[in-house]
Amino acid sequence: MLEHLAAIAADGILLGLIYAIAGLGLSLVLGIMGIVNVAHSAFIMLGSFFAFELFERLGIDPIISFFLALPVFFVLGTVVYRMLLTRLERVAQAQGLVAMFGLMVLIENLGTIVWTTDTRVITASYTNSSVVVGGLFIAKVKLIAGILALALTAIFWAFLRFTLVGRAIRAMSQNRDAAMSAGIDVRRLSTMMFGLGIACAGAAGVALAMIFPFSPNTQVQWLAWAFLVVILGGLGNVANTLVAGLIVGLLQTLCAAFLPFDYVYLVLYVLLAAVLVLRREGLTLAVRRAI
Amino acid sequence: MMGMVALRSGCAFGLVVALTIWGAASAIWGAASAAAQPSPIVVGGTLGLTGSFAEPSTDYKAVYDRWLDEINKKGGLLGRPVKMIIYNDESTPTVAQSLYNRLLDQDQVDLVLAPYTTFIGGAIVPIMLSHQKLLFNGGFVGVNIFKNAKGSIIGSYTYQEPDYTRGLFELIKGLPEDKRPKRVAIFTAQNPFPLVVRDGVGGVGGAINYAKAAGAEVVVNEQYPPNTTDFTGLVQKAKAANADLVLELGLPNDSLQVARTVQQQGYKPSILCTCGSQVTTLAAWPKLGSAAEGVFGTTVSWPTQGYQGLAELADAFKARGYDTLPTYAIVGYAILQVLEQAVEGAKTLDQQKLKAYIHSNEFKTAAGNFRYQEDGTPVFSQVVLQYVNGKNQVVWPKQFQTAAPVLKAP
C-alpha cells in the first residue's frame, strides 16, 4: 500500500510540475499585465513543434530545445506584443479578447498548414525507460521534464523577486500609474513581461512534447489545464502557480487510483467551479485592466 | 459625303454578317464537339480536409485523386469521363450536412461518397436517404446506421464496431491453453464508437462478450474522457490487477500514450492491443520506438494478402513517405473499386438497380473480395497485426500469417 501511495505521489508531483509551467506564462501575463492571453496554447503548440523540428531535422535533444526555446520565444513574444498588443491598449476588453482569440486561430491554422494534423511524438533515448526505486517505476522523461519545469519556475521566481527589473515588473503590476511616475518605462517592461510569458509557453510546449503525443489542433487542450492552474493558484504569483500545479497533479493521480477513472476530470472541474465561486473577486481585480 | 456614309454602312453591315456567320459556325462546332464528348459522370462527397480529421481525410483525398486519374486513363465509366467534387466539410457535421444538400440539389452528382468518420457520416445519412441515393461509404463504421439505412449504405470497412476485437479473440482461442491470457483490462475512451467496440450491440459482439466467451475475466474495465492527458493511473490499475491482456479502445493519440506508459511502467502484459483504432498502421507508430514493439492492432487487409490493387496502393503510399499503409487508404480505395465494378457491371447509374447489383455480386477490392450482407456491410474479415522489429506482421488469420504472434513473458 505504501509503495502504491509513493507511486501516486511521485507521479502526481511530476505531472503537477508540468502543469505548473503550462500555466506559469498565462498566470504572469494575466496577473501582472492583465492580458487574457487565450493564444497561450497556440504558443505551447509552437513550442512542441519547435522541439519536434529540432529533433527530427538536427537530432537535437528536447532537453537542449527546452533552453533554446526560451530566447527564441521571448523574441517572438516581444514581436507579438509590439505588433499586436500595443495597438489594443485602448480598446475594450472584449475586443482585446477577440483579437487574442483570432491570434490563436491564426497560429493553429498556420500550424495545420505547415505540419498537417498528423499526430507526432518525440522519442528520445530516455523516453521509454524508467528509474526504478524500491519497486516504483518513474518514467525518466517525466522526471527530466519535471526537473526542467522546477528549474524554470525557480528562475522566474528569483527573477521577479531579486532583480531590479523583476521588482519594477511587480511594481508595475501593483500600480501602473505610480510606476510610470516613478520613472519606470512601463511600455518596455510590458514588452519584456509578455516576452517572458511566451518564452514560458514555448518551453512548456517542449516539455509537453517530450511526454505526450501532439498535433496542431490538440494542444488547445492545455489551455484548459493552464487556466485551471491559474485560477486555482491565483494570478501573477510564481510560487502559488507551482503549488496549484502540484495540487492538480496530485489530485489527478489520487483520483485515478481510488475512483473510477472517468470521475477524475469531473473532480477537477468541480474544483475549478468551486474556486471560481470562492475567488471570483481576485480574478476580477486582475482582469480589470485587461486589454 | 453621302457616299462615305453609304460605304461605312456597307462595311458595318458586312461586319455584322461576318460575325453572325462566325458565331453560328462556332455554335454548331461547339455543339458537335459536345456531342462527341459525353458529359461526365459526377462523383461527389466531402472530407474534413481541415480541422480535427484532416490527417485521415488527406489520405482519403490522395486515394480519390489516384483512382480518378486511373479511371479516366482507362476511359472513364460507361464510356464517359469521371469528374469528382470533394468539398471540405471542415470536420464539422453541420457543414457536411449543408454540403451534401448542395451536392445533391445543386451539383446533382450521380454517385455519392461518404465523409470520414461516424461523427460526420451519421449526420449526413438522413439527407442521403431522403434523396434516395446510395452512399458509397469507405469513411465510417456504424452498425446501427447501416441497419437503419436498409442496405442503401454500401460499406468497405470489413468489420463494424462490435467486431473490432473479434480477430484478436479468435487468435487467442488458437493459442495453447497455457498461453491464453486469463485476466483482461479494458480502457475505453468516452466516445460512442469505442463504447460499442467494448459493449457490442444487443448482447452481440463487443470486447467484454468476446473475453467472456474466451474464458477470460475482465479485471479492469475503465473509461476515460476524451481530453485525458495522462494514463499512468489506468496502467497502474491494470498492472496491480495482474491483467495479462490489455485492450486500449481509444483514438490514435490515446493509444500512443497508453503504449508508451505501459512501457515506462515496466508492465509486460502478454498482449497489448490498440484495438480501438488502426493506430499501428499510422506514421506516428514507428516513432514510438521500443514502446511500439510487440503491440497488436487490427486492420481490414494487408499488402501481403495480394488483394486487387493493394500492393500498388502500398507502393503509392511508400512513395508519399509512409512506412506503413494506413487503413483509411485501403477502405477509401476499396469503396471506389466497388463503385467502379458496380457501375460497369450494372451498366447504369440508376440507384435501385445499382443497389440490387451490389447486393447480389462479388467485388474484388484492396480490402478483400466482398460479398454484401443485407445491411450493406461486407461479410466480416479482418487481419490482426503485431508490430515486431519495426514492422507490422500479420499474425491472424493463420492462412495469411507472415509471422507467428509473439507473447510477452510477464
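Since the model is a prediction, treat every value here as computed from it, not as a measurement.

(A) Layout of the overall build of chain B. Scanning chain B from terminus to terminus reveals 13 helices and 14 strands. In terms of principal-axis extent, the alpha carbons of chain B reach across some 110 × 45 × 35 Å. Split into buried and exposed, the 410 residues of chain B put 57% on the buried side. Taking as baseline every contact in chain B between residues at least 6 positions apart, the subset at least 24 positions apart corresponds to 68%. Accessible surface, chain B: about 16,600 Å² in total, of which carbon and sulfur atoms supply 56%. Where the 34 positive side-chain charges of chain B centre and where its 32 negative ones centre are 2 Å apart.

(B) Spatial organisation of the domain arrangement of chain B. Residues and elements named next belong to chain B. You can read the domains of chain B as domain 1 (41-159 + 307-371) and domain 2 (162-299 + 383-400). Using C-alpha coordinates to define each centre, domain 1 is positioned 29 Å away from domain 2. Contacts between the two partners involve 13 residues from domain 1 and, on the opposite side, 14 residues from domain 2. Note on domain 1 versus domain 2: buried area summed over both sides is about 1,200 Å², and carbon and sulfur give 61% of it. Considering only the side of domain 1, the residues that lose the most area to domain 2 are Tyr-159, Thr-324 and Thr-327, jointly responsible for 45% of the buried surface there.

(C) Inspection of the nonpolar core at higher detail. Core analysis: the biggest nonpolar cluster contains 225 residues, and Phe-194 of chain A together with Trp-67, Leu-113, Leu-168, Phe-187 and Leu-247 of chain B have the highest contact counts within it. For this core, the leading source of residues is helix α8 (residues 186-211) of chain A, giving 17 residues. Apart from residues lying up to four places away in sequence, Leu-247 of chain B is in contact with Thr-165, Leu-168, Phe-169, Val-184, Ala-185, Ile-186, Phe-187, Ala-207, Cys-273 and Cys-275 of chain B.

(D) Seen up close, the sheet that holds strand β4 (residues 135-137) of chain B. Residues and elements named next belong to chain B. Here we have five strands laid out as an open sheet, ordered β2-β1-β3-β4-β5, and parallel in their pairing. Each having just a single partner strand, β2 (82-88) and β5 (153-155) make up the two edges of the open sheet. When the angles between neighbouring strand axes are averaged without regard to direction, this sheet yields 25 degrees. Across two bridges, the pairing between strand β3 (residues 111-113) and β4 is parallel. The partner of Leu-113 across the bridge, within β4, is Phe-136.

(E) View of the interface of chain B and chain A. Tallying the contact residues gives 33 residues for chain B and 36 residues for chain A. Buried area between chain B and chain A, both sides added, is near 3,000 Å², and the carbon and sulfur share of it is 47%. When the buried area of chain B at its contact with chain A is split by residue, Thr-229, Arg-260 and Gln-264 of chain B rank highest and sum to 22% of it. Taken together, chain B and chain A are joined by two salt bridges.

(F) Structural context of a nonpolar patch on the surface. All names here are of chain A. A cluster of nonpolar side chains, contributed by Leu-2, Leu-5, Leu-254 and Phe-258, occupies part of the molecular surface with about 400 Å² of accessible area. At the level of secondary structure, the elements contributing two or more residues to the nonpolar patch comprise α1 (2-33) and α10 (238-258). Inspection of the secondary structure assignment puts Leu-2 in helix α1. Here Leu-2 falls in the exposed class, since its relative accessible area comes to 71%.

(G) Quick look at the pairing of strand β13 (residues 383-388) of chain B. All names here are of chain B. Taken across its six residues, β13 has six buried, putting it largely inside the fold. Of the two faces of β13, the one holding Val-383, Leu-385 and Tyr-387 and the one holding Val-384, Gln-386 and Val-388 are both buried throughout. Examined bridge by bridge, β13 and strand β14 (residues 391-396) share five bridges and lie antiparallel to one another. Within β14, the position partnered with Tyr-387 by the bridge is Asn-392. What sits between the antiparallel neighbours β13 and β14 is a turn of two residues, in which Asn-389 has the positive phi angle 50 degrees.

(H) Just the pairing of strand β10 (residues 296-299) of chain B, in detail. All names here are of chain B. The alternating pattern of β10 places Phe-296 and Thr-298 and Gly-297 and Thr-299 on opposite faces, both of which are buried. Sheet analysis places β10 next to β13, joined by four bridges and oriented antiparallel. The residue of β13 that forms the bridge with Thr-299 is Val-383.

(I) Structural view of the confidence of the model for chain B. Of all residues in chain B, 91% have pLDDT values of 70 or greater, and the mean over the chain is 90. Between residues 1-7 of chain B, whose pLDDT stays under 50, and residues either more than four places distant or in other chains, the model counts zero contacts.

(J) Summary view of helix α7 (residues 192-199) of chain B. All names here are of chain B. Taken residue by residue, α7 has Phe-193, Pro-194, Val-196, Val-197 and Arg-198 as its buried positions. Residues of α7 that are buried make contact with β6 (183-189), α8 (207-213), β7 (217-224) and β8 (245-249). The first or second residue beyond α7 is Gly-200, which carries a positive phi of 75 degrees.

(K) Main features of the packing of α1 of chain A against α8 of chain A. Residue and element names in this part refer to chain A. Their axes nearest at 8 Å, the elements α1 and α8 cross at an angle of 165 degrees. It follows from the interaxial angle that α1 and α8 lie roughly antiparallel. When the axes of α1 and α8 are compared, the crossing they make is left-handed. On α8, the residues touching Ile-18, Ile-21, Ala-22, Leu-24, Gly-25, Leu-28, Val-29, Ile-32 and Met-33 of α1 are Ser-190, Met-193, Phe-194, Gly-197, Cys-200, Ala-204, Ala-207, Leu-208 and Ile-211. Within the contact of α1 with α8, the residues separate by chemical class into 15 nonpolar, three polar and no charged.

(L) Focus on the pattern of salt bridges. Residues and elements named next belong to chain B. Summed over all chains, the structure comprises 17 salt bridges over all chains. We note a salt bridge from Glu-170 to Lys-173, for which the minimum N-O separation is 4.0 Å. One end of the pair is Glu-170 and the other is Lys-173, both in helix α6 (residues 166-173) and three residues apart, which spans about a single turn. Classification of Glu-170 as partly exposed rests on a relative accessible area of 32%. Its relative accessible area of 44% is what places Lys-173 among the partly exposed residues.

(M) Seen up close, the packing of aromatic side chains. Enumeration according to the criterion identifies 28 aromatic pairs over all chains in this entry. The interplanar angle of 80 degrees and the centroid separation of 5.7 Å between the aromatic rings of Trp-225 of chain A and Tyr-265 of chain A together place this pair among those described as edge-to-face. Of this pair, Trp-225 of chain A sits in helix α9 (residues 221-233) while Tyr-265 of chain A sits in helix α11 (residues 264-278), and the two are 40 residues apart along the sequence. Since its relative accessible area comes to 4%, Trp-225 of chain A is described here as buried. Judged by relative accessible area, which is 3%, Tyr-265 of chain A ranks as buried. Centre to centre, the rings of Phe-317 of chain B and Tyr-322 of chain B are 5.1 Å apart; their planes meet at 80 degrees, and the pair counts as edge-to-face. For the pair formed by Phe-317 of chain B and Tyr-322 of chain B, the shared burial category is buried. Through a chain of ring-to-ring contacts, the aromatic side chains of Phe-53, Tyr-60, Tyr-64, Tyr-116, Phe-119 and Tyr-328 of chain B assemble into a single cluster. For Arg-66 of chain B, the ring lying beneath its charged end belongs to Tyr-333 of chain B, and the centroid distance is 5.4 Å.

(N) Main features of the side chain of Lys-142 of chain A. Inspection of the secondary structure assignment puts Lys-142 of chain A in helix α5 (residues 140-162). Note on Lys-142 of chain A: relative accessible area 3%, which makes it buried. At 3.0 Å, the side chain of Lys-142 of chain A forms a polar contact with the side chain of Asp-11 of chain A. Ignoring anything within four residues of it in the chain, the contact list for Lys-142 of chain A reads Asp-11, Leu-14, Ile-18 and Ile-211 of chain A together with Asp-230 and Thr-232 of chain B.

(O) Fine view of the confidence of the model for chain A. Confidence along chain A averages 88 in pLDDT terms, with 95% of residues attaining 70 or more. In this model, residues 281-291 of chain A is a region of pLDDT below 50 whose contacts with residues beyond four sequence positions or in other chains number 26 contacts.

Scoring rules and cut-offs
Residues numbered from 1 in each chain as written. Chains lettered and ligands numbered in written order. Predicted model: local features only at pLDDT ≥ 70, side-chain atom pairs only at ≥ 80, totals over all residues. Heavy atoms only, no water. Helix = DSSP H or I, 4+ residues; strand = E, 2+ residues; numbered from the N terminus. Buried < 20%, exposed > 50% of the residue type's maximum accessible area, 1.4 Å probe, protein only. Contact = heavy atoms within 4.5 Å. Areas by Shrake-Rupley, 256 points an atom, 1.4 Å probe, with all protein chains shown as cover. Lys, Arg positive; Asp, Glu negative; His and termini not counted. Charge placed at Lys NZ, Arg CZ, Asp CG, Glu CD. Domains from an automatic or database assignment. Buried area = accessible area lost by both parts, 1.4 Å probe. Core = buried A, V, L, I, M, F, W, Y, C linked by side-chain atoms within 4.5 Å. Pairing = 2+ DSSP bridges. Axes fitted to C-alpha atoms, helices over the stretch in contact; angles between N-to-C directions. Salt bridge = Lys/Arg side-chain N within 4 Å of Asp/Glu carboxyl O. Patch = residues over 30% accessible without salt bridge, like charges linked within 9 Å, V, L, I, M, F, W, Y side chains within 5 Å. pLDDT = per-residue confidence, 0-100. Parallel < 35°, antiparallel > 145°, perpendicular 65-115°, else oblique. Left-handed = near helix turned anticlockwise from the far one by under 90°. Nonpolar A, V, L, I, M, F, W, Y, C, P; charged D, E, K, R; others polar. Phe/Tyr/Trp six-rings, centres within 6.5 Å; stacked < 30°, edge-to-face > 60°. Lys NZ or Arg CZ within 6 Å of the ring centre and 35° of its normal. Polar contact = N/O pair within 3.5 Å; in protein donor to acceptor, adjacent residues only side chain to side chain.

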